[in-house]
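So you can see what is in the structure, the chains are spelled out below.
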Amino acid sequence: MSQNIIVKVEDLTMAYNEKPVLWDNDVDIVENSRTAIIGPNGAGKSTLVKGILGLQKTLSGYVEVMGQPVKQVQKKIAYIPQSNSVNWDFPTTALDVVLMGRYVHLGWIKRPRKKDLEKAEQALQKIGMQDYKNRQISQLSGGQRQRVFIARAIAQDAEIYFMDEPLAGVDKNTEKVIIDFLKKSQSQGKTSIVIHHDLNTLAEYFDHLVILNKKIIDQGPMQTTLTKENLAQANLGGWLR
Amino acid sequence: MDLSILTSYTFLVVCFGTMILASVAGMIGAVTVLKGQSLIGDAIGHSSYPGVIIAFMIGMALDPVLLLIGATLSGTLAFVLVQFIDVNSKLNLDAILATVLSAFFGLGMVLKSYIQGHPIYVKVPQGGLQNYIFGQAAFIRLVDVQLIFVVAIPSIFLLILFYKEFKLFVFDEIYAKSIGLSPSMMYIIMVLMIMGVIATGLKFVGAILISSFLIVPAITAMQWSNRFNRVLLIAAGVGSFSSFIGTYLSSVYAGMSTGPSIILAMSCIAFLSMIIGPHGLIASKIRRREFLADN
């Protein structure tokens, strides 16, 4: 079985305030997979994703995305941060936030054109948010905010999605919309890497798994990786019903 | 009401200067306030004062350009110090800002009282130094207004040019970084613009109150619009209108400092807006009631 590796991480070590958070991690993400990253609180899940994307300083290690350094393929990678990482009181509309997904294609100084606006509107439509396009973002619910973030990633026309807990604090309907989106993206050849916290939905939503607790405990296809031993080793044993 | 003052040369020069300064400060201030960094301006403002005095002590003259350079250098030094402490300690940023700004401003006050009556400086007129604390329209010269232009025009130019980048930087810094837009670079541009506004505005408004030029128009504008571009424009408008009112009052009534008069006008508009603005208290109360009735 030969599967292409789309994200390759070697010997990644990262620290926060001189305290090591991740030690010497090797990660391989399979192309066209829906990969979940799980681990207990403080396991370094967000840190790992930020390290891969070059958003946080790494002490050592090597990262390659689509066979190139991350900086070369930024257009192809859409990062969806935790939705509480931004100021939702910022004076702007849902459509305007989605339009930010086009910025990477515009480069410095240039303003979005009509074509970009159309892409942004289509992205909102794909995620069922077209009725909210002119809504001030502070007036959106948690689920709607998450959908706006996903729409921004759609507007970016990326090949790989990195999502930091997209299902945290969202309603059931939004959860379904997001998972449907991940499955549809997969059928279009795209890859998703998602930090997830609900072990009960893991096997249903994803097909590949990375288990992390400061070190990689195990990684691979869901069936062979989601084992009681692995979860116990990651201090996640008690979580599974 | 004395309207003849409106056509006097001095009034026009000062009024024009403060209006331009306040509109630029309003726009840059809106960026810093939305970024949650409103106290940076306060710290740099206070910290620029000792630079003014030291520049005077070195140059032995009230040369506006020299004093401006002094103000910029000491404001920059304070900013670098704040960043250094922030990175290397576990203290909260607001505590660091408060400590640095009071230390610098205290140094300025001590130096000022030291040179008063000191034999070396007694021959040089120092009355103007007082104006760098509260601002005084009567001491404004054309060169001071020209200096404002030197700073204001490039600042507006940068804001328009990098409008989209500023928006993303303020709203979602981490996403900005993920698409290759360096937040540190945006931060540096932002601080440079703040520095420029403060250095050229000191003589008009004074070290203590200059930061209100950055903050008050911004929070006023946020009561009136929820679009970033409109917030910037309204902030500019509020700033320049208040400057007109304040400069008029301080020109008509002898002894009224320019800075405090402008800030007073600004604050009145701000409080009024917080109450009656479409995003102010009353409107929010009504919206909440409607929301509860609907659900």
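What you see is a predicted model; the values in this text were computed from it and never measured.

## Section: the packing of aromatic side chains
The tally for this structure, following the rule as stated, stands at 14 aromatic pairs over all chains. Here A:F90 and B:F228 contribute two aromatic rings whose centre-to-centre distance is 5.1 Å and whose plane-to-plane angle is 40 degrees, an arrangement assigned as tilted. You can see A:F90 sitting in the loop between β5 (77-80) and α2 (94-99) and its partner B:F228 sitting in helix α12 (residues 228-252), one on each of two chains. Side by side, A:F90 and B:F228 carry an identical accessibility label, which is buried. Ring plane angle 90 degrees and centroid distance 6.4 Å describe the contact between B:F11 and B:Y248, whose orientation is recorded as edge-to-face. A residue pair is termed long-range when its members are at least 10 positions apart, and B:F11 in helix α1 (residues 9-34) and B:Y248 in helix α12 qualify at 237 residues.

## Side note on the confidence of the model for chain B
For chain B, mean pLDDT is 90; residues scoring 70 or higher make up 98% of the total. Across the whole predicted complex the pTM is 0.89, and at the interface the ipTM reaches 0.92.

## Quick look at the pairing of strand β7 (residues 191-195) of chain A
Residues and elements named next belong to chain A. Of all five residues in β7, five are buried; the element is thus mostly enclosed. Side chains of β7 alternate between two faces, with T191, I193 and I195 and S192 and V194 buried alike. Looking at chain direction, strand β6 (residues 160-164) and β7 are connected through five bridges and run parallel. Paired with F162 across the two strands is I193, which belongs to β7. In this region the chain leaves β6, passes through helix α6 (residues 172-187) and returns to the parallel neighbour β7; the handedness of that crossover is right-handed.

## Description of the interface of chain A and chain B
With 34 residues of chain A at the contact, the number on the chain B side is 27 residues. Three residues, A:F90, A:P91 and A:W108, lead the burial of chain A against chain B; their summed loss comes to 25% of the area buried on that side. If you look at where chain A meets chain B, you find two salt bridges. Residues B:K167 and A:D96 are paired through a salt bridge, measuring 2.7 Å at the closest nitrogen-oxygen approach. Where chain A touches chain B, the interface holds eleven residue pairs in polar contact (both at pLDDT 80 or more). Mapped by element, the contributors of at least two residues to the side of chain A that touches chain B are α2, α3 (103-106) and α5 (142-155) of chain A. Per element, the largest residue contribution to the side of chain A that touches chain B is three residues, and it comes from α3(A).

## A short note on the pattern of salt bridges
According to the stated counting rule, one finds twelve salt bridges over all chains in the structure shown. Across the salt bridge formed by A:R102 and A:D116, the nearest N and O atoms sit 3.0 Å from each other. With a gap of 14 residues between them, A:R102 in the loop between α2 and α3 and A:D116 in helix α4 (residues 114-126) connect regions that are remote in the sequence. With respect to class, A:R102 is no different from A:D116; both count as buried. Salt-bridge contacts for A:R152 lead to B:D172; the nearest nitrogen and oxygen are separated by 2.7 Å. Here B:D172 lies in the loop between α8 (163-171) and α9 (173-178) and A:R152 lies in helix α5, a pairing that spans two chains. Here A:R152 and B:D172 have matching classes, each one buried. One continuous salt-bridge network, built from bridges that share partners, spans A:R102, A:D116, A:K119 and A:D157.

Rules behind the numbers
Residues numbered from 1 in each chain as written. Chains lettered and ligands numbered in written order. Predicted model: local features only at pLDDT ≥ 70, side-chain atom pairs only at ≥ 80, totals over all residues. Heavy atoms only, no water. Phe/Tyr/Trp six-rings, centres within 6.5 Å; stacked < 30°, edge-to-face > 60°. Helix = DSSP H or I, 4+ residues; strand = E, 2+ residues; numbered from the N terminus. Buried < 20%, exposed > 50% of the residue type's maximum accessible area, 1.4 Å probe, protein only. pLDDT = per-residue confidence, 0-100. Pairing = 2+ DSSP bridges. Right-handed = clockwise from strand over helix to strand, strands pointing away. Contact = heavy atoms within 4.5 Å. Buried area = accessible area lost by both parts, 1.4 Å probe. Salt bridge = Lys/Arg side-chain N within 4 Å of Asp/Glu carboxyl O. Polar contact = N/O pair within 3.5 Å; in protein donor to acceptor, adjacent residues only side chain to side chain.

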